[in-house]
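Architecture at a glance
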Amino acid sequence: MNETAKIQQSQSTEPTTLAKTIVLVGLMGAGKSCIGRRLAQRLNVSFVDADAEIEQAAGCSIAEIFEKYGEAAFRDGERRVMARLLQGPPTILAAGGGAFIDPETRTLIRDYGVSVWLRADLDTLAARTKGRNHRPLLNAGEPRDILAKLIEERYPVYAEANIVVDTGADNPNVTCARVVEALTHIAGTEIASAPAESAP
Ligand code: S3P
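Residues numbered from 1 in each chain as written. Predicted model: local features only at pLDDT ≥ 70, side-chain atom pairs only at ≥ 80, totals over all residues. Heavy atoms only, no water.

Quick notes on the sheet that holds strand E4 (residues 47-49)
Across the sheet, five strands lie side by side as E4-E5-E3-E6-E7; this open sheet has parallel pairing. This sheet does not close on itself; its edge strands, each paired only once, are E4 and strand E7 (163-166). The average angle at which neighbouring strand axes cross in this sheet is 25°, direction not considered. One ladder, built from five bridges, connects strand E3 (residues 21-25) with strand E6 (residues 113-119); its direction is parallel. (Pairing = 2+ DSSP bridges. Helix = DSSP H or I, 4+ residues; strand = E, 2+ residues; numbered from the N terminus. Axes fitted to C-alpha atoms, helices over the stretch in contact; angles between N-to-C directions.)

So, the packing of aromatic side chains
Summed over the entire model, instances satisfying the criterion amount to four aromatic pairs. Between Trp-117 and Tyr-158 the ring centres are 5.7 Å apart and the planes differ by 35°, which places this aromatic pair in the tilted class. With a gap of 41 residues between them, Trp-117 in strand E6 and Tyr-158 in helix H7 (residues 143-158) connect regions that are remote in the sequence. Each member of the pair, Trp-117 as well as Tyr-158, carries the same accessibility label: buried. Ring pairing ties together the aromatic residues Trp-117, Tyr-155 and Tyr-158, which thus form one cluster. Seen from the ring of Trp-117, Arg-119 lies directly overhead, with NZ or CZ sitting 5.4 Å from the centre. (Phe/Tyr/Trp six-rings, centres within 6.5 Å; stacked < 30°, edge-to-face > 60°. Buried < 20%, exposed > 50% of the residue type's maximum accessible area, 1.4 Å probe, protein only. Lys NZ or Arg CZ within 6 Å of the ring centre and 35° of its normal.)

Some thoughts on the site of the ligand
Around the ligand, the surrounding shell holds 13 residues, and the nearest of these are Lys-32, Asp-51, Arg-75, Arg-135 and Arg-154. Note that an oxygen atom of the ligand is positioned 2.9 Å from one of the backbone N or O atoms of Gly-97. With respect to the detected pockets, the ligand is housed in the largest pocket. Residue composition of the shell around the ligand, by class: five nonpolar, three polar and five charged. (Near = heavy atom within 4 Å. Polar contact = N/O pair within 3.5 Å; in protein donor to acceptor, adjacent residues only side chain to side chain. 1 Å grid on protein atoms, 1.4 Å probe; cavity = no way out; pocket = protein on both sides within 12 Å on 5 of 7 lines; lining within 4 Å. Sits in = over half its atoms within 2 Å of the grid points. Nonpolar A, V, L, I, M, F, W, Y, C, P; charged D, E, K, R; others polar.)

Notes on helix H3 (residues 62-69)
Among all positions of H3, only Ile-62, Ile-65 and Phe-66 are buried. With its buried residues spanning 95° around the axis, H3 presents them on a single face. Opposite the packed face of H3, turned more than 90 degrees from it, sit the exposed residues Glu-67 and Lys-68. Those residues of H3 that are buried lie in contact with helix H2 (50-58) and helix H4 (71-86). Of the residues trailing H3, Gly-70 is marked for its positive phi of about 95°. (Arc of directions from axis to C-beta. Contact = heavy atoms within 4.5 Å.)

A word on the layout of surface pockets
What the largest pocket holds in volume is close to 620 Å³. In terms of lining residues, the largest pocket is bounded by 30 residues, among which Met-28, Lys-32, Asp-51, His-134 and Arg-135 are the most central. At the level of secondary structure, the elements contributing two or more residues to the lining of the largest pocket comprise helix H1 (32-43), H2, H3 and H4. With four residues, the top contributor of residues to the lining of the largest pocket is H1. Across the lining of the largest pocket, the residue classes break down as 12 nonpolar, seven polar and 11 charged. (Points joined across faces, edges and corners; volume = space filled by probe spheres on them.)

Okay, here's the thing in structure tokens:
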């Protein structure tokens, strides 16, 4: 079994023990937080949202960090927060869309985690981010054009993730099941019998 991806499956109601943090990566609107929460619930482990942790550490919103200090300062903070989270107890971690693009953070994710790229097409991402204005990168122009450019720039990098799972118009539970299935492959264990599933 691949030790780095080892997931020890627990019995009945015992929490699942993750050997490493499972890091969800992908573009804004891919569903990292939504799928991450479901996955954590299904495996009975904790969920952490990196963006929320950054906001908590900074004491202000991501939009405010960008506005007051600029993107470079945000990336510095993101790098530090990701390093702390990755070196802490294993969790399901939803990374911000740019985290895996940063070479230092990507190395940390590779060393301390198992990365899962939630891959979505432009239509899906545009629809899921529409009407939401808390993401500074998408407020800098026409969101669909920005997402198209980011797909071009970032998809070759996200492709380095350990696992790739396609997500589109499917119900989040379907995507979550795909992630579990993919992790089962990597881990060589039966995650499908996780507590949420095995309960009578
Ligand atoms: C960013 C994605 C955002 C957030 C910040 C920058 C990016 O997170 O970290 O606005 O560079 O793609 P989500 O992907 O969770 O929206």
